[in-house]
Amino acid sequence: MFVSISAWGLSLKEIEADIFGSKKLDKIQVIKKLNDAGKEDKNLMFYLLGIVHGYGLYGNEINLKKS
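Definitions and cut-offs
Residues numbered from 1 in each chain as written. Predicted model: local features only at pLDDT ≥ 70, side-chain atom pairs only at ≥ 80, totals over all residues. Heavy atoms only, no water. Axes fitted to C-alpha atoms, helices over the stretch in contact; angles between N-to-C directions. Helix = DSSP H or I, 4+ residues; strand = E, 2+ residues; numbered from the N terminus. Parallel < 35°, antiparallel > 145°, perpendicular 65-115°, else oblique. Left-handed = near helix turned anticlockwise from the far one by under 90°. Contact = heavy atoms within 4.5 Å. Buried < 20%, exposed > 50% of the residue type's maximum accessible area, 1.4 Å probe, protein only.

Colleague: Break down the packing of helix H1 (residues 12-19) against helix H3 (residues 42-55) for me, with residues and values.
Modeller: Remark: H1 packs on H3, axes separated minimally by 11 Å, with the N-to-C direction vectors making an angle of 30°. Classified by the interaxial angle, the pair formed by H1 and H3 is roughly parallel. Of the two possible hands of crossing, H1 and H3 adopt the one that is left-handed. Along the contact surface, H1 presents Leu12, Lys13, Ile15, Glu16 and Ile19, while H3 presents Leu44, Met45, Tyr47, Leu48, Ile51 and Val52.

Written as structure tokens, this is what we have:
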């Protein structure tokens, strides 16, 4: 079961906690937030995108070039 939260309501810290925890956030909302989070902490954004692509989380294929 996925937790339904608006992508704009998510913070990078909430996504980070979900990645290392329950992974219950909606994959579309997580990916959208990570791709649109340029105004927030860019280092954290790129770190989380690397984890998501490197481990194939949230329905992504493992892609080491993107990670």
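Still to come is the rest of the account.
Colleague: A description of unusual backbone geometry should follow, citing residues and the corresponding values.
Modeller: The phi torsion at Lys23 lies on the positive side, around 55°, for a residue other than glycine. Counting through the fold element by element, Lys23 comes out in the loop between H1 and helix H2 (27-35). Since its relative accessible area comes to 37%, Lys23 is described here as partly exposed. Although it is not a glycine, Tyr58 sits at a positive phi angle of roughly 55°. Locating Tyr58 in the fold gives a position in the segment after H3. By relative accessible area, Tyr58 is classed as buried at 11%.

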